[in-house]
Amino acid sequence: MQTRDLDLTEIINGEEVMGPSPFMKHQDISGNLNEIIRHHVKTNGLGKVYYSPLDIIFEEGVNRLQPDILFIRKENMSIGQDWIRGVPDMVCEIVSSGTFKKDMEVKKAIYEKYKVPEYWIVLPEFLTIEILTIENDRYKLHSIAEIEGIVTSKVIKGLQVDIKNVFE
């Protein structure tokens, strides 16, 4: 039987990077957050929510990333083809000790370069969610909650997330 190693492969700044499958805790958090966002988006007819592995091709052969969760507004759905070919409205990365530098520096710089309007950074070890938004071509902190509290999206109209429901 042939395995599909390419499912967890990204192209980052022209270099192919393979990653391991996520741990169960990561999947629990990803599932909870995906369910919360997807319900809000679907209920309000705002667009579509997708989860990894699904490639975003910013630039063929240069930057092809797989965020944990992404959102596309309904008016931008033309970028959804075989993969996502263009800039989604929101991306989310769930950071682990093994992906800290990649998610917090490398991927953040790529998302910023292509002007992804909103970047969610989920830090399970700190029970924290940060939401960054693009202002003057740079990410600025829009919303944060640590241990308890609510984060709000600027891009997904009306979305407020109680982080207890994400980390439970």
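Our structure's up above, just so we're on the same page.
Residues numbered from 1 in each chain as written. Predicted model: local features only at pLDDT ≥ 70, side-chain atom pairs only at ≥ 80, totals over all residues. Heavy atoms only, no water.

*Asks:* Outline the sheet that holds strand β10 (residues 128–135), listing residues and values.
*Replies:* The sheet built from six strands is open, its strands ordered β3-β6-β8-β9-β10-β11 with mixed pairing. Of all strands in the sheet, those bounded by a partner on one side alone are β3 (47–51) and β11 (138–146). Mean inter-strand twist for the sheet, computed between neighbouring axes without regard to direction, equals 15 degrees. Most of the contacts of helix α1 (residues 24–44) go to β3, to which it runs at about 170 degrees, and overall it touches β3, β6 (69–73), β8 (90–94) and β9 (118–123). The sheet strands contacting helix α2 (residues 100–113) are β8, β9, β10 and β11, and the helix crosses β9 at an angle near 175 degrees. (Pairing = 2+ DSSP bridges. Helix = DSSP H or I, 4+ residues; strand = E, 2+ residues; numbered from the N terminus. Axes fitted to C-alpha atoms, helices over the stretch in contact; angles between N-to-C directions. Contact = heavy atoms within 4.5 Å.)

*Asks:* Can you lay out the pairing of β8 for me, pointing to particular residues and giving the numbers?
*Replies:* Counting buried positions along β8 gives five out of five residues, so the element sits mostly inside the fold. Of the two faces of β8, the one lined by M90, C92 and I94 and the one lined by V91 and E93 are each fully buried. Bridge count between β6 and β8: three bridges; the pairing is antiparallel. From the neighbouring strand, F71 faces β8, where its bridge partner is M90. For the crossover from β8 across α2 to β9, the handedness is right-handed. (Buried < 20%, exposed > 50% of the residue type's maximum accessible area, 1.4 Å probe, protein only. Right-handed = clockwise from strand over helix to strand, strands pointing away.)

*Asks:* Residue-level account of the pairing of strand β1 (residues 9–12), with values.
*Replies:* Of the two faces of β1, both are covered, the one formed by T9 and I11 as well as the one formed by E10 and I12. Counting the residues that bridge the hairpin from β1 to strand β2 (residues 15–18) gives two residues, and of these N13 lies at a positive phi of roughly 50 degrees.

Keep in mind these values describe shape, not function.
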